[in-house]
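Here are the chains, one letter per residue:
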Amino acid sequence: MKKLINDPRRVVEEAVAGFEAAHGDLVTVSHDPIYIARKNAPRQGKVALVSGGGSGHEPLHGGFVGFGMLDAAVPGPVFTSPTPDPILAATKAVDGGAGVLHIVKNYTGDVLNFETAADLASADGIDVQTVIVDDDVAVKDSLYTAGRRGVAGTVLVEKIAGAAAERGDDLAAVAAIATRVNSVTRSMGVALTPCVVPHAGEPSFTLADDEIEIGIGIHGEPGRERIKIEPADAIVDRILAPIVDDLPFASGDRVLLFVNGLGGTPQVELYIVFRRAAEALAERGITVSRTLVGNFVTSLEMQGMSITVMKLDDELKELWDAPVETAALRWGR
Amino acid sequence: MKKLINDPRRVVEEAVAGFEAAHGDLVTVSHDPIYIARKNAPRQGKVALVSGGGSGHEPLHGGFVGFGMLDAAVPGPVFTSPTPDPILAATKAVDGGAGVLHIVKNYTGDVLNFETAADLASADGIDVQTVIVDDDVAVKDSLYTAGRRGVAGTVLVEKIAGAAAERGDDLAAVAAIATRVNSVTRSMGVALTPCVVPHAGEPSFTLADDEIEIGIGIHGEPGRERIKIEPADAIVDRILAPIVDDLPFASGDRVLLFVNGLGGTPQVELYIVFRRAAEALAERGITVSRTLVGNFVTSLEMQGMSITVMKLDDELKELWDAPVETAALRWGR
Amino acid sequence: MTLNTDWAVRWIKGSAAVVSEHRVELITLDREIGDGDHGENLDRGFSAVLLKLDDLPTDATPGDALKMVATTLISTVGGAAGPLYGTAYLKAAGAIAGQAELDGAAVVALLTAARDGVVLRGKAAPGDKTMVDAWSPAVDAAAEALAAGLDEAAILDAAATAAEAGARATEPLVARKGRASYLGERAIGHRDPGAQSSALLLRVAADAAAGA
Amino acid sequence: MTLNTDWAVRWIKGSAAVVSEHRVELITLDREIGDGDHGENLDRGFSAVLLKLDDLPTDATPGDALKMVATTLISTVGGAAGPLYGTAYLKAAGAIAGQAELDGAAVVALLTAARDGVVLRGKAAPGDKTMVDAWSPAVDAAAEALAAGLDEAAILDAAATAAEAGARATEPLVARKGRASYLGERAIGHRDPGAQSSALLLRVAADAAAGA
Ligand SMILES: Nc1ncnc2c1ncn2[C@@H]1O[C@H](COP(=O)(O)OP(=O)(O)O)[C@@H](O)[C@H]1O
Ligand SMILES: Nc1ncnc2c1ncn2[C@@H]1O[C@H](COP(=O)(O)OP(=O)(O)O)[C@@H](O)[C@H]1O
Ligand SMILES: [Mg+2]
Ligand SMILES: [Mg+2]
Ligand SMILES: [Mg+2]
Ligand SMILES: [Mg+2]
């Protein structure tokens, strides 16, 4: 394991300190317990958005704290959900009296820890609602699993719900729009290489030199199947089909197409993927009206990507286009 | 070699097509010869900025085409300078009558090919000036080398010269400010892993499991020395010293600190690096007034990073802060 | 020969030791069918618990000690295991609240409450390939041992032995809860890390009682 | 036995073949002390040249053929080698412009102009560990062979042999130009890829003349 770190157990602490040094214009950082809050929080009368989860997926979530998106992000240890304490502290710190929306990726740990924090916050008189993100179609949603995982679609939920909060929607409305984004968003990913969690020191899984993992999770959880590497276009077609079929997306739909790098994939490859994904959607009569390409929900240095498609309507488009000013996503100001 | 590509010889072509599909609101793409131009170019009366070089360093340069930065980017094959033809075509396409500034990283191939293109453009009556970027202190500048390499500092030159052009500076003034940025900017990088050029199919070099390359070039050119891996803070101190000593930067200086990922480094690591770099500058009495962290000048999937420090004055600060609207750098609009 | 706070403290110290010793093993199990952090998570949690032991009042009951474990795990472990183990210890503490000495019935009540806490939080049934597959047989075996008139140490030994068997028995299962449920058939052949850590912790409880 | 356009065409076809054949070797040399694209760059360039050969007018002179090579390399190779080889072929073409048949003196003029073109563009001196280290001894050897009264084929053979020796002789050198100059002492022990490709191309020129 070769990493630019000082101590496997201080990765999050030091990274957050660096984040504070780099983005002190946008955020305030609490070091104990660790959370990242929007500068000048709380904003009175605005619904506050809090998200979080294991670290190692940066820029998710800290990179999305700021105007028009999150009010606070709570980073746990690498790939491990934070405990209720920092979630509660962040929730209290950013509540501006209009309530707090917890945006939680659907993993047992995240769900349970946010649940506890929400209970404690409610006991303190804070109005908390929770939206679970579960956009990953790689995992079948059934009574016999923990349900679908929350992956790259989380960015879209955070952006759009953030815009709704910024325009003055109340907690129920912000929660409703977050739920709606999740309901019209589908994702699936593929890994070419594993990643190494600092405290583990070894790859999360092994893939042969010619193997890829279809349906990978963002913590290196295995996916649907392991196959021999194929041309990029074939891989795109292979993961786009279940995405499109799941909702389903249909001819005439306008969508946002999001190609997300898992951390270690060169940008040229992401654009080669984007090219085919856009083409394949066009072949189905689906119009790509908004786009996002880059490393937004990563798995440390993993090579691979995920594709996310969100069905747009006028309101979602308007909220997507609304100004945002965070370390990792910024436009309109 | 596992890559999300279809054909090693079509990587640039397809990536550029994907870039066009994703960022058609910002750019227009010419496919033969290949270059990326700002939407609605040429802009009459504005000095146009053209840069380019081998591909594989994305988002450099295509990601910096747009308002307040480049008017055109010319991507060559992976790690290989483009030929004069596309450079000439791009130069002609974006000239708005006020002349064109070529921003060229100091590599023999780039210098020679841009030189030929500039000669041909001049012969066609276009006013072309060239600024060579050579910010890499890893390589000693002497009569006995090809001079210092141009690396991550290129982004700062492109941003600030782009802002100068946008505010209406004439060609000589834009060239002068680009030259000035280069003269107050110093960089140095370190690699943890090599990268694989698609057509080569093999790593550009090999590093043992506990080795890192200090002073790496962005094409995998070897650097100053190969050492055993150290804690991140020690690595930062090791490469920051030659950067600071070279200009030299001195107590009382205000600087822009830029920590650049080489492509495959997780963001947490970049922020751990940023933390120490900011701290080490503070220890020398140098104030970090502006910051940039992320993958901006990459070497495909290489793991590693570079640190760039630029000495600021009021004008450079103002031009840095000026609005920019490109695929990879955006603020103020 | 009932169990007192000394026993609880020995259990807690032993737990910290066993988790640290088996850290890599638990990480490896979790890497195979999860995300490779279970050993790290528990090690972080029990290291924190160990530090807090010094603050335990001299007149603390076994329930007080377990409650301290619960709140510390909840606030330091994170992931799925944090809330699950946290709830287990919290409910266990509640079941023996106020008792200075635990007899066999109290031990069974403690184990039952712990198991119920995990089920309450995680909604897993036996056979879902989770820590419930260690706790459930442990509770059953403990109840049988109590009915058979065995003493506290023997009850805990029976529980630990059943938990160990339960952990082993997760190997052929497909998971229905937690991260391993994403794997479908591919989870088969791997032991559930949470079931394994549960068995380790129960063995330490028995050892602590045997030494009493 | 002067050299005509048939010779030039054989040289060009042979060049494309030799570059394709040695693509990996040149990539490997360049990976060691450069950026690993030299073989790819030349292969791309000469593949394009090959396609253009068909468009060559039937009355083309050797100079016309070399000029076509020059412009094609310039517009397809890129990197350092594109402009350098492009200029070499362009100047070579200029030195023999209008001549349908090349005698020994013309061959020496062609080689000298090529070498001068590289030096003009790249500013490298002999000993800088670049393609100049192949071209310079080649020009000297060709001039000597001409002075010794040898024929065109023998002149080219002498040039190629000297270029091969020159390429080998780059191995112990520290580079002063091009990408290898960044390596300092670490370039020692590696052959310069551009010198090696130059030697290959000159050997093909000699072979094409020997076959004439
Ligand atoms: N719903 C559940 N009910 C009971 N136990 C569960 C449940 N989900 C997960 N577990 C247990 O938690 C263990 C994983 O813990 P850990 O690795 O620390 O958390 P995470 O899965 O968040 O990384 C699993 O091995 C399993 O025993
Ligand atoms: N200034 C120079 N003068 C002469 N030859 C040079 C010079 N710079 C580079 N070369 C030659 O070019 C070769 C490298 O070509 P190539 O790999 O195609 O280009 P690049 O270095 O741009 O990747 C070197 O091996 C060397 O022979
Ligand atoms: Mg985890
Ligand atoms: Mg090159
Ligand atoms: Mg785990
Ligand atoms: Mg090269």
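Just so you know, these numbers come straight off a predicted model, no measurement behind them. Along each chain, residue indices are assigned from 1 in the same order as the chain's sequence is written. Written order determines the labels here, with chains lettered from A and ligands numbered from 1. Totals for whole chains, interfaces and linings use all residues, but because this is a predicted model, local features are given only for residues with pLDDT of at least 70 and pairs of side-chain atoms are given and counted only at 80 or more. As a convention, hydrogens and water are excluded, and side-chain values are obtained from all of the structure's heavy atoms.

## Digging into the site of ligand 1
- Any residue with a heavy atom lying within 4 Å of a molecule or strand is counted as near it. The immediate surroundings of ligand 1 are formed by 22 residues, with Asp-35, Asp-37, Ala-80, Gly-122 and Asp-192 of chain C found nearest.
- Taken together, the residues near ligand 1 originate from chains A and C.
- The contact in question runs from an oxygen atom of ligand 1 to an N or O atom on the side chain of Arg-179 of chain C, over 3.2 Å.
- The protein chains shown are the only cover counted for residues, whose accessible areas, like all others here, come from Shrake-Rupley with a 1.4 Å probe. Relative to its unbound accessible surface of 560 Å², ligand 1 loses 96% to contact with the protein.
- Each helix corresponds to a stretch of at least 4 residues labelled H or I by DSSP, and each strand to a stretch of at least 2 residues labelled E; elements are numbered beginning at the N terminus. Among the secondary structure elements, those contributing two or more residues to the shell around ligand 1 are helix 3 (38–53), helix 5 (81–95), helix 6 (104–122) and helix 9 (193–210) of chain C.
- For the shell around ligand 1, the element with the most residues is helix 9 of chain C, which contributes 3 residues.
- Any residue that is not Ala, Val, Leu, Ile, Met, Phe, Trp, Tyr, Cys, Pro, Asp, Glu, Lys or Arg is counted as polar, Gly included; the first ten are nonpolar and the last four charged. Taken together, the residues of the shell around ligand 1 sort by class into 8 nonpolar, 8 polar and 6 charged. Between N or O atoms, a polar contact is any pair within 3.5 Å; within protein, one atom must be a potential hydrogen donor and the other a potential acceptor, and residues adjacent in sequence are included only when both atoms are from side chains.

## Considerations on the coordination of the magnesium ion (ligand 3)
- Coordinating donors are taken to be N, O and S atoms lying within 2.8 Å of the metal, or within 3.2 Å when the metal is Na, K or Ca; because water is excluded from the atom set, some sites may appear incomplete. The protein atoms that coordinate the magnesium ion (ligand 3) are Phe-79 of chain A (O), Asp-35 of chain C (OD) and Asp-37 of chain C (OD), at distances of 2.0 to 2.7 Å.
- Separating the magnesium ion (ligand 3) from the magnesium ion (ligand 5) is a distance of 3.5 Å, and Asp-35 of chain C supplies a donor atom to each of them. Residue Phe-79 of chain A is located in the loop between strand 4 (72–78) and helix 2 (84–94), and its partner Asp-37 of chain C is located in the loop between helix 2 (23–33) and helix 3; the two belong to separate chains. Both residues of the pair, Phe-79 of chain A and Asp-37 of chain C, count as buried. To sort residues, take the accessible area from a 1.4 Å probe on protein chains only and compare it with the maximum for the residue type: under 20% means buried, over 50% means exposed, and anything in between is partly exposed.

## Digging into the UniProt feature "domain: DhaL" (unreviewed entry) in chain C
- Feature annotation in UniProt assigns "domain: DhaL" (unreviewed entry) to the following positions: residues 6–207 of chain C.
- Between the C-alpha atoms that bound residues 6–207 of chain C there is a distance of 13 Å. The span itself is 69% helix and 0% strand. UniProt positions are given in the numbering used here, feature names are shortened, and annotations may be inferred rather than shown by experiment.

## Description of the side chain of Ser-197 of chain C
Residue and element names in this part refer to chain C.
- Residue placement: Ser-197 occurs in helix 9.
- Accessibility expressed as a relative area gives 1% for Ser-197, which makes it buried.
- At 3.0 Å, the side chain of Ser-197 forms a polar contact with the backbone oxygen of Gly-194.
- Not counting residues within four places of it along the chain, the set of residues in contact with Ser-197 comprises Leu-26, His-38, Leu-42 and Tyr-85. Whether two residues are in contact is decided by their heavy atoms: any pair within 4.5 Å suffices.

## With respect to the side chain of Lys-129 of chain D
Residues and elements named next belong to chain D.
- Within the secondary structure, Lys-129 sits in the loop between helix 6 (104–122) and helix 7 (132–147).
- Despite its burial, Lys-129 remains without a salt bridge, the nearest opposite charge being carried by Asp-192 at 7.1 Å.
- A distance of 3.2 Å separates the side chain of Lys-129 from the backbone oxygen of Glu-171, its partner in a polar contact.
- If near-sequence neighbours (up to four positions away) are discounted, Lys-129 is found in contact with Ile-33, Thr-170, Glu-171, Leu-173, Val-174, Ala-175, Ala-187, Ile-188, Gly-189, His-190 and Asp-192. In summary, the charge assignment counts Lys and Arg as positive and Asp and Glu as negative, without counting His or the chain termini. We count a salt bridge whenever a side-chain nitrogen from Lys or Arg sits within 4 Å of a carboxyl oxygen from Asp or Glu.

## Side note on the pattern of salt bridges
- One pass over the structure, following the stated rule, counts 89 salt bridges over all chains.
- A salt bridge links Asp-314 of chain B to Arg-254 of chain B, with the nearest nitrogen and oxygen atoms 3.5 Å apart. Taken together, the residues Asp-314 of chain B in helix 8 (residues 314–321) and Arg-254 of chain B in strand 10 (residues 254–261) connect sequence positions 60 residues apart.
- Exposure remark for Asp-314 of chain B: the relative accessible area of 57% places this residue in the exposed category.
- Close ionic contact of Arg-23 of chain D with Asp-43 of chain D constitutes a salt bridge, the shortest N to O distance being 3.8 Å. Separated by 20 residues along the polypeptide, Arg-23 of chain D in helix 2 (residues 23–33) and Asp-43 of chain D in helix 3 (residues 38–53) bring together distant segments of the chain. The same class applies to Arg-23 of chain D as to Asp-43 of chain D, namely buried.
- Salt bridges sharing common partners tie together Arg-38, Arg-43, Lys-46, Asp-71 and Glu-166 of chain A.

## Some words on the pairing of strand 2 (residues 34–38) of chain A
Residues and elements named next belong to chain A.
- A large share of strand 2 lies buried, amounting to 5 of its 5 residues.
- Residues of strand 2 alternate between two faces, with Ile-34, Ile-36 and Arg-38 on one and Tyr-35 and Ala-37 on the opposite face, all of them buried.
- With 5 bridges joining them, strand 1 (residues 27–31) and strand 2 adopt antiparallel strand pairing. Its bridge partner lying in strand 2, His-31 is registered against Ile-34.
- Sheet topology places strand 2 next to strand 4; 2 bridges connect them, and they run antiparallel. The residue of strand 4 that forms the bridge with Ile-36 is Ala-73. In this scheme, strands are said to pair when DSSP sees at least two bridges between them.

## Some points on the sheet that holds strand 1 of chain A
All names here are of chain A.
- The mixed open sheet is built from 6 strands, whose spatial order is 1-2-4-3-5-6. On the outer flanks of this sheet lie strand 1 and strand 6 (128–133), each paired with one strand and no other. With strand direction ignored, the average angle separating the axes of adjacent strands in the sheet is 20°.
- Orientation is described by lines fitted to C-alpha atoms, with helices fitted over the stretch in contact, and by angles between N-to-C directions that extend from 0 to 180 degrees. Here helix 2 sits on the sheet and contacts strand 2, strand 3 (48–55), strand 4, strand 5 (100–105) and strand 6; the angle it forms with strand 2, its principal contact strand, is near 20°.

## Digging into the relation of the copies chain A and chain B
- Least squares is the method for superposing the copies, and the C-alpha atoms it fits come from residues with pLDDT of at least 70 in both. Least-squares fitting of chain A to chain B yields an RMSD of 0.0 Å, with the superposition described by an axial translation of 0.0 Å and a rotation of 180°. Taken together, the turn and the small shift mark the pair as related by a two-fold rotation axis. Residue Gly-264 of chain A of chain A places its C-alpha closer to the rotation axis than any other residue of that unit, at 2.0 Å.
- Of the interface residues in chain A, 100% have counterparts in chain B that sit at the interface too, so the contact is made through matching surfaces.

## Observations regarding the sheet that holds strand 12 (residues 304–311) of chain A
Residues and elements named next belong to chain A.
- On the basis of which strands lie adjacent, the open sheet formed by 6 strands has the order 9-8-7-12-10-11 and mixed pairing. For this open sheet the edge positions go to strand 9 (225–228) and strand 11 (287–294), each flanked by a neighbour on one side alone. Within this sheet the neighbouring strands show an average axis-to-axis angle of 20°, counted without direction.
- Sheet topology places strand 8 (residues 211–214) next to strand 9; 4 bridges connect them, and they run antiparallel. Within strand 9, the position partnered with Ile-212 by the bridge is Ile-227.
- Along the sheet, helix 4 (residues 153–166) contacts strand 7 (185–191), strand 10 (254–261), strand 11 and strand 12; its crossing angle with strand 12, the most-contacted strand, is approximately 45°.

## Quick notes on the arrangement of the chains
- With 3 pairs of chains in contact overall, the greatest share of contacts is found between chains A and B.
- Taking C-alpha atoms as the reference, chain A and chain D come no closer than 17 Å and do not contact one another.
- At the level of C-alpha atoms, the two units chain C and chain D stay apart, their nearest approach being 37 Å.

## Here we look at the interface of chain D and chain B
- On the chain B side, the residues contacting the 28 residues of chain D number 36 residues.
- Across the interface of chain D and chain B, roughly 2600 Å² is buried in total on both sides, 49% from carbon and sulfur atoms.
- For the pair chain D and chain B, the number of links is 6 salt bridges.
- Between Arg-186 of chain D and Glu-213 of chain B there is a salt bridge, and its shortest N-O distance comes to 3.0 Å. Here the quantity called buried area is the total loss of accessible area, with a 1.4 Å probe, experienced by two parts when brought into contact, counted for both.

## Here we look at the environment of Glu-225 of chain B
- For Glu-225 of chain B, the position within the fold is in strand 9 (residues 225–228).
- With a relative accessible area of 33%, Glu-225 of chain B lands in the partly exposed category.
- It is 20 Å that separates the C-alpha atoms of Glu-225 of chain B and Ala-277 of chain B, two residues lying 52 residues apart in sequence.
- In this structure, Glu-225 of chain B is in contact with Ile-212, Glu-213, Ile-214 and Arg-238 of chain B together with Arg-186 of chain D, ignoring residues within four places of it in sequence.

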